[in-house]
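This is what each chain is made of:
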Protein chains: 2
Amino acid sequence: MLRSALDPRSVAVIGASDNPHKVGGRPILYMKRYGFRGAIYPVNPGRSAVQDLKAYRSIENLPEVPELAIIAVAGDEAVAAVQACAARGVKVAVVMASGFGETGAAGLRVEQAMVETARRAGMRLLGPNCQGIANFATGTVANFSTIFHELEARDGPVAIVSQSGANSQAIYTLLHEKGLGVRHVHATGNEADVGVAELAEAVVADEGVRLLLLYMEAIKHPERLAAAAAAARRRKLPIVALKAGRTASGQKAANSHTGALASEDRVVDAFFERHGIWRAADPHELVAAAELYLTGRRPRGKRMVVVSNSGASCVMAADYAEERGIPLAAVSDTAIQKLQKALPAFASLANPIDVTGALLGNPQLLAAVLPIVGEDRQSDLLLLAMPVAGTGYDVPAFARDMAAFTLAHETAVAVAAPQKSVRDEFTKAGVPTFASERVAMDALAQVADHAALLQRPAMEAGPQKPFWFPIGNPRFLHEAESLEVLARAGLPVVEHRLCRTEEEVRAAFGPPLVMKACSRDVPHKTEHGLVSIDPPDPVAEFRRQREKVAALAASFEGVIVARKAAKGWELALGARLDPQFGPVVMVGDGGVNLEALKDFRLLIPPISETEVVAKLRQLRIAPLLAGWRGAPPADLPAFARMAVLLGEAMLAWSGRVASVDINPVFVFETGQGALAVDALIERTL
Amino acid sequence: MLRSALDPRSVAVIGASDNPHKVGGRPILYMKRYGFRGAIYPVNPGRSAVQDLKAYRSIENLPEVPELAIIAVAGDEAVAAVQACAARGVKVAVVMASGFGETGAAGLRVEQAMVETARRAGMRLLGPNCQGIANFATGTVANFSTIFHELEARDGPVAIVSQSGANSQAIYTLLHEKGLGVRHVHATGNEADVGVAELAEAVVADEGVRLLLLYMEAIKHPERLAAAAAAARRRKLPIVALKAGRTASGQKAANSHTGALASEDRVVDAFFERHGIWRAADPHELVAAAELYLTGRRPRGKRMVVVSNSGASCVMAADYAEERGIPLAAVSDTAIQKLQKALPAFASLANPIDVTGALLGNPQLLAAVLPIVGEDRQSDLLLLAMPVAGTGYDVPAFARDMAAFTLAHETAVAVAAPQKSVRDEFTKAGVPTFASERVAMDALAQVADHAALLQRPAMEAGPQKPFWFPIGNPRFLHEAESLEVLARAGLPVVEHRLCRTEEEVRAAFGPPLVMKACSRDVPHKTEHGLVSIDPPDPVAEFRRQREKVAALAASFEGVIVARKAAKGWELALGARLDPQFGPVVMVGDGGVNLEALKDFRLLIPPISETEVVAKLRQLRIAPLLAGWRGAPPADLPAFARMAVLLGEAMLAWSGRVASVDINPVFVFETGQGALAVDALIERTL
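Cut-offs applied
Residues numbered from 1 in each chain as written. Chains lettered and ligands numbered in written order. Predicted model: local features only at pLDDT ≥ 70, side-chain atom pairs only at ≥ 80, totals over all residues. Heavy atoms only, no water. Core = buried A, V, L, I, M, F, W, Y, C linked by side-chain atoms within 4.5 Å. Buried < 20%, exposed > 50% of the residue type's maximum accessible area, 1.4 Å probe, protein only. Helix = DSSP H or I, 4+ residues; strand = E, 2+ residues; numbered from the N terminus. Contact = heavy atoms within 4.5 Å. Pairing = 2+ DSSP bridges. Axes fitted to C-alpha atoms, helices over the stretch in contact; angles between N-to-C directions. Least-squares fit on C-alpha atoms with pLDDT ≥ 70 in both. Phe/Tyr/Trp six-rings, centres within 6.5 Å; stacked < 30°, edge-to-face > 60°. Lys NZ or Arg CZ within 6 Å of the ring centre and 35° of its normal.

Visitor: Help me understand the nonpolar core, please; the structure alone is not making it clear to me.
Guide: Taken as a class, soluble globular proteins show a tendency for nonpolar side chains to be buried jointly. Ranked by internal contacts, the top residues of the largest apolar core, which has 118 residues, are Phe148(B), Leu175(B) and Leu214(B). Ranked by the residues each element gives to this core, the list is headed by helix H18 (residues 437–455) of chain B, at seven residues. Ignoring any residue separated from it by four or fewer positions in sequence, one finds Leu175(B) in contact with Val158(B), Ile160(B), Leu180(B), Val182(B), Leu213(B), Val287(B) and Ala290(B). In this structure, Leu225(A), Ala241(A), Tyr293(A) and Met304(A) belong to the second largest nonpolar core, which totals 117 residues.

This is the structure we're talking about:
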C-alpha cells in the first residue's frame with residue numbers, strides 16, 4: 001500500500017502554489033528538480049497553471065485518479081480535501097497542516113474523523129502536522145522541508161524515518177555533511193494513521209537501502225517495528241534508532257508536544273536489543289557509524305588495534321578503550337619482532353602502536369606496519385589516529401596504505417584526524433573518517449556490538465508448556481500461592497509449610513526457621529512486624545501473627561514456616577506485563593537496593609540463560625557476584641535458569657499475570673544453586 | 001627566566017636550514033612570517049646565508065649572545081650545541097632532537113648530563129624530544145610543527161601548553177576550526193628541565209591570555225601547577241586540563257612513550273578540583289567550552305532554559321538535562337502568560353520552550369520570546385536549539401535577537417545547529433555556537449560548574465593543632481593505638497578497653513560486645529578468626545584469641561573489648577600520603593564494597609564539611625544515605641567532621657603517616673553522630 005506513497009504514478013498537490021518557497025509550492029519544485037517521472041497535478045481553483053504545469057480547479061477535475069495526494073491547505077480546507085481525495089479513490093494522502101491532534105481534545109476529534117473518512121475509502125493517511133515523505137530514487141518529494149533546497153539531495157543508501165520533521169532535517173544535514181547519499185526522508189508528524197514502524201517496513205523492502213535511521217518519541221506499534229526489524233535482519237540491513245523521551249522530563253516534553261505515550265525507558269532498551277536495533281541517544285550518535293555500516297563490514301569480534309603517529313593519541317586511546325570496555329588486541333611475538341625492524345627504536349610496539357613522529361620524515365612507515373598488523377590476525381577493528389598530518393606528510397600515500405589494508409583484510413577500519421584536509425584524503429580512498437578518536441572508537445565498537453547482537457540466535461518461544469496458575473480473582477496471590485505457582489513453573493523455592501493451626505506449626509520443622517504471616521491483603525509483611533526469624537516459641541509466634549493479622553482486619557491464610565536458607569547473595573527476579581511491550585523479565589540487585597539504586601536490567605522473553613548471565617555481568621554489583629578476593633563466584637547460571645523459566649511462564653500465562661516479584665532470590669556459590677525466598681504475584685485486573 | 005623563551009631579543013637557530021620545510025628551516029620561516037622583531041641568527045657552518053639571513057659558522061661567532069637558542073641538530077651534535085650555548089651564556093635552549101630519555105636508560109643518562117651542563121651555566125632547557133614553543137604575540141616561533149604552515153596562525157586569547165607536540169597541534173587545529181585566535185602553543189617533550197607546570201606559570205602571567213589549555217601525561221611538579229592555578233584564579237583565567245593516562249592501560253602506554261609516572265587517577269581529579277582546574281577527557285572536550293569562556297561570562301548558577309523551533313529538540317534536551325543533572329529553570333506564571341500571548345496555541349511553554357515550526361513563517365517569534373525569558377530571571381544558562389533553519393528562515397534576525405539578549409542579560413548563552421551556514425550567522429553576531437545540542441549543554445554546564453569551583457572559598461590550612469602520634473617504628477600501629485590516635489585527633493571512636501589479662505576482660509563491660517585480638521603483626525583480624533561478636537564466655541574467648549595469636553607467632557598486645565555499636569550505615573573513611581600530591585582523604589561506601597565496587601571519592605586537605613558532604617552525595621549509595629522510603633537520613637555532617645579532622649591530622653603529622661583506614665565508620669541517623677569502629681594506621685617507612 002505504501003508503494004503508492006513512495007513510488008506513485010501520479011501526484012496531486014492540493015493548494016499548489018506558484019511560489020516555490022511556500023508549503024504548496026516546494027513539493028512541485030522538488031519533484032521537478034529531483035526527477036519525478038509520473039504526472040504532477042497542481043490543484044488550485046484560482047490558477048490555470050502553477051510552476052509551468054497545468055493546474056486544476058479541484059481533485060474532481062483531474063484527468064485521472066492521482067495515486068498520491070499532497071494536501072497543502074490548512075484547517076477545514078484540509079479536512080474537506082481528505083474527504084474529496086477519499087471519494088475520488090486516492091491511495092495515499094499526505095496532510096501537512098498542523099492544528100489537529102497536537103492542539104488538544106477538539107483537534108484530536110477532527111483528526112480521528114479524518115482518519116475514519118480515509119479508512120472507509122481504503123485510503124492511507126500521512127500526518128497531519130507532518131512535513132511529509134521524500135524518496136529520491138523516484139523523485140517523489142511530497143515534503144515541504146526547506147532543507148532539500150539548501151542542501152542538494154543525492155540518492156544513496158541511507159534512509160531516515162522520523163516522527164519529527166525538524167529532526168529528520170537535522171539528521172539529513174549531518175549525513176549530507178558526511179557526503180552520504182540519502183534516499184528516503186520521511187517525517188510522520190501526528191501519525192493519525194501511518195506511523196514510523198509501518199514506513200520503516202516499507203523502507204526495509206527497498207533493496208537500495210543499506211542503513212535505516214529512525215527517530216521516535218513513542219513506539220506506537222511495537223509488533224510492527226519488530227516485523228520491520230526481522231525483515232531488516234534477514235537482509236542484513238542495520239537499523240539505528242533514536243527513541244527520545246528517555247527520562248521523566250523528556251517524556252513530559254514529548255507529551256506536551258505530540259501526546260506520546262510514556263513507558264519505562266529500560267523496556268525500550270530491552271525491546272530494541274531483542275530485535276537487533278541499535279539505540280542512539282542523539283542525532284549525532286544516530287549517524288556516527290554510518291560510513292562504517294555502509295562498508296558492509298560486520299566485525300566478528302571487538303578486539304581493537306590502534307595505530308598512531310602520536311604517543312599522546314596512543315595514551316588517550318588506551319584510556320578510552322579501558323573505560324569503554326573495548327579490548328585492545330594482543331600483538332603476537334612474531335608481529336612484535338617484525339614491528340621492531342620496521343619502526344624506530346623508541347616506538348611503542350604493544351597495542352596501541354606508536355609509529356612516532358618519524359612518519360613525517362619516513363612516509364613508508366605506515367605501509368610497513370599495516371600489513372604486519374593485518375597478517376597477525378589478532379584484531380577485528382583498526383583505528384588509525386593521526387592528530388597531526390597535512391603539509392609535509394604524504395597523506396595520499398597513507399590513504400592508499402589504508403585502502404590496501406582494507407582490501408587485504410576483513411578488519412573494520414577507521415581514521416581519526418582533526419584536520420579536514422587529512423580526512424578528505426582518506427574519504428576519497430573509501431576509508432571511513434572521524435574528527436574525534438573517541439567517536440571513531442565508539443563507532444567501531446558499535447558496529448562490532450551491533451553485529452554480535454544480530455548474530456545471536458533468534459529466540460523463538462518454544463512449544464508452550466502448561467504453566468499452572470490458580471483460578472480466582474483477588475489482585476494479589478498470597479505468598480504460599482505465589483511460591484506454589486513458581487515451584488510448579490520449575491523454579492526452586494525455599495522449603496516451607498503453610499500452617500493454619502498450632503498443630504501444623506508443631507509438625508513443621510525445627511530451627512533455623514522463618515515464620516511469616518500469609519495474607520493476600522498484606523503483601524508487604526515486614527512493615528507490619530509479620531516476619532520472625534528463629535522465634536524462641538514458634539507456636540506463640542503463630543498466635544501473635546494471627547492476632548496481628550486479625551487486628552489489621554485482613555484475611556488470614558495461615559503462617560508460612562520456612563526453612564531458613566543458608567545466606568547467599570541476595571538478587572531480585574521479577575516480571576511485568578508492560579502495556580506496550582508485553583512480558584518483561586527483570587534481574588537485579590536484591591533487597592532495598594533494587595529500587596533505591598536501580599541496579600537492574602530488563603529482558604524481553606523468550607530469553608536464554610546466556611542472555612541473563614550477560615545482563616547480570618552488567619550489574620554494578622557484578623564484581624561481588626564474580627567472587628571478590630578469591631571467594632567463589634555466585635551460581636549465576638542457576639539464577640539465569642529461574643529467569644528463563646519465569647519468562648516462559650509469563651508468555652504461557654498470556655496476560656493473566658500483571659507482575660511477579662521474587663526479592664530476594666538467594667544465590668549460592670557456583671554449583672550450589674539459587675532459591676526463591678520471598679514471592680508476590682499480582683493478577684491483571 | 002622564561003621571558004627569554006617567550007619574548008627574546010635574539011634567537012639563534014643551530015642547524016639552520018635553507019629549506020623552510022625542514023626542522024632547522026621552519027622556525028626561521030615562521031619567525032619571519034609571524035613578525036618576530038628581534039635578531040635571528042642562523043648557525044650553519046656550511047652556508048653564508050640561510051633564508052636570506054646572514055648565517056654564522058658557530059654560536060661562538062655570533063655578534064651577540066642570543067637570548068634563545070633553537071637546537072635543530074641531532075644526537076651528539078645536539079649535546080655539543082647545548083654545551084656551546086651554555087658556555088656562551090644563552091638563557092634558554094630548545095632541544096628538538098629525539099633519541100634521549102624516551103629511548104631508555106642510556107639516552108636518559110645523556111639527557112641528564114645535558115641538563116647538568118645547562119644548570120651549571122644557569123641556562124634553561126626545553127625538551128629534548130620537543131616540538132618547541134611558539135608565542136604569536138611576539139612572533140617567537142621556536143617550533144618545528146608543520147601546522148602553522150597549513151593553518152595560518154592568528155594571535156588571540158587562547159594558550160596551549162602540552163607535553164605532546166602532536167597533541168598541541170591537534171588542539172590548535174580544533175581551535176583554528178572554531179575561528180579562535182591562539183597566542184601560545186608550547187610542547188615540552190621530555191621535560192628534562194622545564195615542564196608544563198612552569199610554562200603554565202609563565203603563560204598565566206601574560207595578561208593577553210584568557211583561556212589556558214593544558215595537556216599532560218604526568219603531573220611532575222604539582223606544587224608548581226598549584227601555584228600557576230592560584231595565579232590564574234586571581235586574574236579569573238580559566239584553566240582546562242587534559243591529563244591522559246587515566247587508566248592502567250593508558251598509564252602503560254604513557255610509560256612506554258615518555259616514562260610518565262603512574263598515579264591513582266582519582267587523586268588527579270581531587271588535585272584539579274582543589275585548584276580550580278577543569279578536567280577534560282580528550283582534545284575535543286578540552287576546547288569544547290572555549291567560546292563560552294572567552295565571552296567572560298561566569299554564570300552564578302546552573303539553571304538552564306532551552307528554546308527551540310523543534311519539539312524533538314525540546315524532548316532530547318529535557319532527556320539530556322535530566323541525565324546530566326542539569327536543572328531546567330522554572331518559568332514563572334507571569335512569563336507563561338506572556339509566552340501564551342506570543343506563541344501558537346500548541347507551543348509548549350514550560351521549559352524547554354518550543355516556539356514550533358511557526359518560526360519559519362513568523363521570524364518575530366524569537367524576538368518575542370527571548371525578552372520574556374530574560375526578564376523572568378529564572379535561568380543562568382540559555383540554549384537555543386535550531387535543528388533546522390537556513391533557507392526560508394530569517395537567521396540573521398535570530399542572530400541579532402540572541403546578541404540583543406546577551407547585551408540585556410547576564411545569562412550565558414549558546415546556539416546549537418547542525419547547519420554550518422546557520423552557525424556562521426550566530427558566530428558573526430558573537431554568539432557561541434555548537435553543532436550538537438548535547439555538546440552545547442555540556443559546555444554551558446561546564447562553565448557554570450567551573451565558575452562554582454572557582455568561587456568556592458579557598459581552603460587554607462589553619463594554624464596547626466598538635467595532633468598526637470605515638471613514637472616508634474613498627475610499620476603498623478596496632479588497633480588500640482590506631483583508635484587512640486584517632487580519638488586524640490578528635491574523632492569519635494567506639495567505646496573499648498584494651499584488655500591484657502583475664503581480670504581486665506572481666507572488668508570491661510557486659511554484652512552486647514565485640515572482642516578482637518590486638519596485634520600489630522595481624523592487621524587483618526577477621527581472616528584469622530580473631531573477631532568474636534557477643535561470645536558466650538568472654539574470658540574463654542580471650543584465652544582462645546591469645547592462643548591463636550601465639551600460634552601465628554605474632555606479637556600480642558591484648559584483646560580489645562568494644563561496646564557493640566548500634567547498627568548504622570557502614571561508610572569508610574581513609575587517608576593516604578600520595579608520593580606526588582601529599583595527603584589525600586578518602587570517603588566511600590564501607591566494608592568490602594569499598595574495594596570491590598570502588599564507590600569512593602578523594603579530597604585533598606584542608607577540606608570543609610560542605611565539600612565532604614558534597615562528595616558523599618555523589619556516591620552511588622547516596623540514595624540510601626539520603627533515607628530511602630521515608631527513613632531518616634544518615635548523619636553525613638558528623639561523618640564529614642571526622643573527615644575534616646582526619647585531613648587536618650594528616651597535614652599536621654607532616655609525612656609520618658602513610659595511611660589511615662577506618663572501615664567501617666558507623667553513621668547513625670541525622671543528629672545521632674558517627675563512630676569509628678575499626679581502624680588501622682600505617683607509618684611511613
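Visitor: What exactly am I supposed to notice about the sheet that holds strand E20 (residues 496–499) of chain B here?
Guide: By definition, the strands of a sheet pair up through backbone hydrogen bonds, in either a parallel or an antiparallel sense. Residues and elements named next belong to chain B. Strand order in the open sheet formed by four strands is E20-E23-E21-E22, and the pairing between neighbours is antiparallel. Where the open sheet ends on each side, the last strands, each with one partner, are E20 and strand E22 (531–533). Between one strand axis and the next, the sheet turns through 15° on average, direction left out of account. In this structure, E20 lies alongside strand E23 (residues 558–563), joined through four bridges in antiparallel fashion. Of the residues in E23, the one forming a bridge with cysteine 499 is valine 559. Helix H19 (residues 479–488) contacts E20, strand E21 (513–518) and E23 of the sheet and is inclined by roughly 115° relative to E21.

Visitor: Just checking my understanding: could you explain the relation of the copies chain A and chain B for this structure?
Guide: To go from the first copy of the chain to the second, apply a rotation about an axis and then a shift along the same axis. Between chain A and chain B, which share one sequence, the superposing operator has a rotation angle of 180° and an axial displacement of 0.0 Å; the RMSD is 0.1 Å. These values place the two chain copies in the arrangement generated by a two-fold rotation axis. Nearest to the rotation axis, the C-alpha of Arg620(A) is located 4.7 Å from it, this being the minimum over chain A. Taken as a fraction of all interface residues of chain A, those also at the interface in chain B reach 100%, which identifies the copy contact as same-surface.

Visitor: What's the story with the packing of aromatic side chains in this structure? I'm lost.
Guide: Two aromatic rings, taken as a pair, are described by how far apart their centres are and by the angle between their planes. Per the stated rule, a full pass over the model turns up 23 aromatic pairs over all chains. Aromatic side chains Tyr41(A) and Tyr56(A) sit 5.7 Å apart centroid to centroid with 80° between the ring planes, which places their arrangement in the edge-to-face category. With Tyr41(A) in strand E2 (residues 39–43) and Tyr56(A) in the loop between strand E4 (53–54) and strand E5 (68–71), this pair connects stretches of sequence that are 15 residues apart. Like Tyr41(A), the residue Tyr56(A) is buried in the burial classification. Residues Phe467(B) and Trp653(B) carry aromatic rings whose centres are separated by 6.4 Å and whose planes lie at 80° to one another, so their mutual orientation is edge-to-face. Note that Phe467(B) is positioned in the loop between H18 and H19 and Trp653(B) in the loop between helix H25 (636–652) and strand E27 (657–667), a separation of 186 residues in sequence. Given a relative accessible area of 12%, Phe467(B) falls into the buried group. By way of ring pairs, the aromatic residues Tyr30(A), Tyr34(A), Phe136(A), Phe148(A) and Tyr172(A) are connected into one cluster. Between Arg563(A) and the ring centre of Phe509(A), over which it is positioned, the NZ or CZ distance is 4.3 Å. Between Lys54(B) and the ring centre of Tyr56(B), over which it is positioned, the NZ or CZ distance is 4.8 Å.

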